[in-house]
Amino acid sequence: VQLQASGGGLVQAGDSLRLSCAASGRTFSGYTVGWFRQTPGKEREFVAGIKWSGGSTYYADSVKGRFTISKVSAENVVNLQMSSLRPEDTAVYSCAASRTIILSSIRMASAYNNWGQGALVTVSS
């Protein structure tokens, strides 16, 4: 599956922004889709994940209550709605997908074998 991320941009602290991850080549059926973020000099960090079948969602503690991951089945898209953004949320956000992730690995970037390009999110104070 090929992934296309979109929706990054420059916002102010407290604003909201939505990222989208669209699949092409095949549907997300049977996949786990995750969002990760990375800043220069740091390792890629898990943000949120969703199991397409069943819709179970998972979040990093740092974004719980502010970010919401969801799927749009008709469009084969996974959205990441980000609210109450903070300067420390500034990063390049990437979506990833895999059919073979077990629950204990859902927060591990190495568990995903399909990656989209990154979308830069900049939150100014």
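Refer to the structure above for everything that follows.
My aim in this report is to walk through the structure given alongside it, one point at a time.

What counts, and where the lines are drawn
In this numbering scheme, every chain counts its residues from 1 along its sequence in written order. pLDDT decides what is reported in this predicted model: residues at 70 or higher carry local features, side-chain atom pairs at 80 or more are listed and counted, and totals for whole chains, interfaces and linings draw on all residues regardless. Hydrogens are left out, water is left out, and the side-chain values use all remaining heavy atoms of the structure. Think of it this way: any DSSP run of H or I at least four residues long counts as a helix, any run of E at least two long counts as a strand, and we number them from the N terminus. Based on C-alpha atoms, the radius of gyration is set beside the globule rule, defined as 2.2 Å times the residue count to the power 0.38. Throughout this description, buried means an accessible area under 20% of the type-specific maximum (1.4 Å probe, protein chains only), exposed means over 50%, and partly exposed covers the range between. Computed with the Shrake-Rupley method and a 1.4 Å probe, the accessible areas treat only the protein chains shown as cover for residues. In this tally, Asp and Glu contribute negative charge and Lys and Arg positive charge; neither His nor the terminal groups of the chain are included. A single reference atom marks each charge: NZ on Lys, CZ on Arg, CG on Asp, CD on Glu. Any two cysteine sulfur atoms lying within 2.5 Å of each other are counted as a disulfide. What we call a nonpolar core is a set of buried Ala, Val, Leu, Ile, Met, Phe, Trp, Tyr and Cys residues that are connected through their side-chain atoms within 4.5 Å. If DSSP finds at least two bridges between two strands, the strands pair. Helix axes use the C-alpha atoms of the stretch in contact, all axes being lines fitted to C-alpha atoms, and the angles between their N-to-C directions lie in the range 0 to 180 degrees. Working definition: rings of Phe, Tyr and Trp (its six-membered ring) pair if their centres are within 6.5 Å, and the pair is stacked with planes under 30 degrees apart, edge-to-face with planes over 60 apart, and tilted otherwise. A ring has a charge above it when a Lys NZ or an Arg CZ is no more than 6 Å from the ring centre and no more than 35 degrees off the ring normal. The working definition used for a salt bridge is a side-chain nitrogen of Lys or Arg within 4 Å of a carboxyl oxygen of Asp or Glu.

1. Some remarks on the overall build of the chain
Link 1 in the chain: Looking only at helices and strands, one finds 0 helices and 11 strands in the chain.
Link 2 in the chain: Starting at the N terminus, the α and β elements of the chain follow one another as β-β-β-β-β-β-β-β-β-β-β.
Link 3 in the chain: Taking 125 residues into account, the globule formula puts the C-alpha radius of gyration at 14 Å, and the chain, at 13 Å, falls close to it.
Link 4 in the chain: Out of the 125 residues belonging to the chain, those deemed buried represent 43%.
Link 5 in the chain: For the chain, the exposed area adds up to about 6,200 Å²; of that, 47% sits on carbon and sulfur atoms.
Link 6 in the chain: Positive and negative charge centroids in the chain, built from 12 and 7 side chains respectively, lie 9 Å apart.

2. Description of the state of the cysteines
Link 1 in the chain: Tallied over the full model, the rule gives 1 disulfide.
Link 2 in the chain: Across the disulfide, C21 is cross-linked to C95 (sulfur-sulfur distance 2.2 Å). In this structure, the disulfide formed by C21 and C95 twists by about 70 degrees around the S-S bond and is classed as right-handed. Of this pair, C21 sits in strand β3 (residues 17-24) while C95 is found in strand β9 (residues 91-98), placing the two residues 74 residues apart along the sequence.
Link 3 in the chain: Relative accessible area serves as the criterion here: at 0%, C21 is assigned to the buried category.

3. Details of the nonpolar core
Burial of nonpolar side chains together is a common tendency in soluble globular proteins.
Link 1 in the chain: Judged by nonpolar contacts, the single largest core of 39 residues is most densely connected at F28, W35, L80, M82 and Y93.
Link 2 in the chain: A per-element tally of this core places β9 first, with 5 residues.

4. Re the sheet that holds β3
Link 1 in the chain: Strand order in the open sheet formed by 4 strands is β1-β3-β8-β7, and the pairing between neighbours is antiparallel. Two strands in the sheet have a free side with no partner beyond their single neighbour: β1 (2-6) and β7 (67-72). Along the sheet, successive strands turn relative to each other by an average axial angle of 15 degrees, direction set aside.
Link 2 in the chain: Bridge analysis of β7 against strand β8 (residues 77-82) gives 6 bridges, and the strand direction is antiparallel.

5. As for the packing of aromatic side chains
Link 1 in the chain: Taken as a whole, this structure holds 6 aromatic pairs when the rule is applied.
Link 2 in the chain: Measuring from centroid to centroid gives 5.2 Å for F36 and W115, while their planes differ by 50 degrees, and the two rings are tilted. With F36 in strand β4 (residues 32-38) and W115 in strand β10 (residues 114-115), this residue pair connects regions lying 79 residues apart in the sequence.
Link 3 in the chain: On the accessibility criterion, F36 (1% relative accessible area) is buried.
Link 4 in the chain: With centroids separated by 6.3 Å and ring planes inclined at 65 degrees, the aromatic side chains of Y112 and W115 adopt a geometry described as edge-to-face.
Link 5 in the chain: One residue, R44, lies across the ring of W115, its end atom 4.1 Å from the ring centre.
Link 6 in the chain: Over the ring of W52 we find K71, and its NZ or CZ is 5.2 Å from the ring centre.

6. Digging into the pattern of salt bridges
Link 1 in the chain: Enumeration according to the criterion identifies 4 salt bridges in this entry.
Link 2 in the chain: A salt bridge links K64 to D61; its shortest N-O distance comes to 3.3 Å.
Link 3 in the chain: It is possible to trace a salt-bridge network through shared partners that takes in R37, E45, R66 and D89.

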